[in-house]
Structures are given as C-alpha cells and as structure tokens.
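Working through the structure, step by step
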Amino acid sequence: MKPVTVLLADDHRIVAEGLKRLLEPEFELIGVVEDGRALLAAARGLQPDVIVSDISMPELNGVEALEELKKVNPGVRVVFLTMHHNVAYARQAMAAGALGYVLKHSAAEELILAVRAAAAGRTFVSPAIAGELLESLRAGDGPNANPAARLTLRQREILRLLVDGHSAKAIAARLGISPRTVEFHKYAMMETLGVPTTAELIRFALQSGVSDV
C-alpha cells in the first residue's frame, strides 16, 4: 500500500523536529515549512495527501492558508495542531474545512490517529475539546463566536501588522498595496467590529485573540 504523504507546517523548529520524529515512522513526510505562504507554495507543488499545520504562523496563519488552498483544491485535507484550547479557534478551523484539530499537548497520543482519519476523509478532534466544540456548533453562531470570522483574509493580515506596531505606509510596502488601501481596510474593520478608533481596534484584536489566529 502506498504510504500517506504528509506536509508539515510549523514555525517553531524544535517543535517541528519533534513532530517529524513522530510522523516519519508512520507516514512519508515530503516537506516541512515555517510560514503560511511557504505552506501554500509547498502544498501546490508537492500535493500531499494530508497537511499537518500549526494555526499561529507568520505571513498567513494556518486557517487563512487553508482558505486559500480550498479555492484551488477543495479536497485538500488539513489537520491543525495547536496550543489553542479555545473552542472559537476550533470552530473557525472546522468552518474553513479542516478535518482535524489536535491540541499540541496531546500530539503524541492523537496526531497519528488524526492524520489517518484525514487520509480516509474522516474528521478527528481532540477529545479534550470535542464535547465543547459540538455544544458550540449546536448552539450556532452567537455573541461568543470568534470575531475573526467577520474579517476578510486581507483584513486579518493587516490587523496583525497593526498590532505589531507597523504604520500604514510600512504595511502597504510589505503587502504590495497602497497606503490608501490599508486605511480603507482599517476603517472597514472598525465599522465591522463596531470600534471607533485605531487604538480600540488594536485593543479589540488583543483581547479577542483575532491577532493570534
């Protein structure tokens, strides 16, 4: 039987090395990348059976990368491995089309099971969060839903850079857009989230975890 091919994405090298040792005896590990944009390029070029990705990564986070990959490959299979125990992150990941959500402290026991499930087209969620996630999904979208879901991919990218202290001009240069476009997105976010100032927007991002997703 042909081994399942896996692409790994994690920006923490020590963690990635540990995950490689965990995955390699069971699967064919065909690549390791350290940020969301590298993940997009590697996934398109290598066409792995399953992608194992952290959520919080530079450039694009894992969920944003999955959203982009789904546009060109709706059948892409992704297992997220994350420190985030917050059910809002799990909801966003599953809504984006992930087949797995594994907490990092459970990786040794659960990651192999999650990758096998994803390769077979099944869903796996860490038992530690599965019950809370199911209850949240049954309740539907409510006031506690992750506010990041109301922002576009570009807006979340700009918001993270604002939180990091970059000016509109610096963000524009980094993203290859005009400062006016950055300002447009900033004010659109303020309107969407109901905050009156840039300082409030950044505070909202920090308190809600939007900038960490």
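A few points on the structure. (Residues numbered from 1 in each chain as written. Predicted model: local features only at pLDDT ≥ 70, side-chain atom pairs only at ≥ 80, totals over all residues. Heavy atoms only, no water.)

**Let's talk about the sheet that holds strand β6 (residues 124–125)**
Which entries qualify depends on this criterion: The pairing criterion for strands is at least two bridges between them, as found by DSSP. Each helix corresponds to a stretch of at least 4 residues labelled H or I by DSSP, and each strand to a stretch of at least 2 residues labelled E; elements are numbered beginning at the N terminus. By definition in these notes, contact holds between two residues if any of their heavy atoms fall within 4.5 Å. Helix axes are fitted to C-alpha atoms over the stretch in contact, other axes to C-alpha atoms as well, and angles between N-to-C directions run from 0 to 180 degrees.
One open sheet holds the six strands; their spatial order is β2-β1-β3-β4-β5-β6, and the pairing between them is parallel. Each having just a single partner strand, β2 (28–33) and β6 make up the two edges of the open sheet. Contacts between helix α3 (residues 62–72) and the sheet are confined to β3 (50–53) and β4 (78–82), with β4 contributing the most and set at about 170° to the helix.

**Quick notes on the nonpolar core**
For the record, the criterion: Nonpolar cores were defined as sets of buried Ala, Val, Leu, Ile, Met, Phe, Trp, Tyr and Cys residues, with membership established by side-chain atoms within 4.5 Å. Under the scheme applied here, a residue whose accessible area is under 20% of the maximum for its type counts as buried, over 50% as exposed, and between as partly exposed, the area being computed with a 1.4 Å probe on protein chains only.
Ranked by size, the top nonpolar core spans 30 residues in total, and within it Leu-39, Ile-51, Leu-66, Phe-80 and Tyr-101 carry the most contacts. Those elements that place two or more of their residues in this core are β1 (5–9), α2 (36–46), α3, β4, α4 (87–96), β5 (100–103) and α6 (127–139). Of all the elements, α4 adds the most residues to this core, at six residues.

**Here's the deal with the packing of helix α8 (residues 168–175) against helix α9 (residues 179–193)**
For clarity, the cut-off: Oblique is the label for any angle not under 35 degrees, not over 145, and not in the 65 to 115 range, which are roughly parallel, roughly antiparallel and roughly perpendicular in turn. The residue classification treats Ala, Val, Leu, Ile, Met, Phe, Trp, Tyr, Cys and Pro as nonpolar and Asp, Glu, Lys and Arg as charged. All others, Gly included, are polar.
In contact at an axis separation of 8 Å, α8 and α9 are set at 110° when each is read in the N-to-C sense. One way to sum up the angle between α8 and α9 is to call them roughly perpendicular. Residues Ala-168, Lys-169, Ile-171 and Ala-172 of α8 pack against Pro-179, Val-182 and Glu-183 of α9. Taken together, the residues that form the contact of α8 with α9 break down as five nonpolar, no polar and two charged.

**Quick notes on unusual backbone geometry**
In this structure, Gln-47 is a non-glycine residue whose phi angle is positive, near 50°. Summarising the element assignment, Gln-47 is placed in the loop between α2 and β3.

**A look at the pairing of β4**
Quick note on the threshold: We call a crossover right-handed when, viewed with both strands directed away from the observer, the connection leading from the first strand over the helix to the second proceeds clockwise.
Most of β4 sits inside the fold, with five of its five residues counted as buried. Burial along β4 is two-sided: Val-78, Phe-80 and Thr-82 and Val-79 and Leu-81, pointing in opposite directions, are all buried. One ladder, built from three bridges, connects β3 with β4; its direction is parallel. Note on β4: the bridge partner recorded for Ile-51 is Val-78. Handedness of the crossover is the feature at issue here: the chain leaves β3, passes through α3, returns alongside β4, and the resulting connection is right-handed. What joins β4 to β5 is α4, and the crossover it makes is right-handed.

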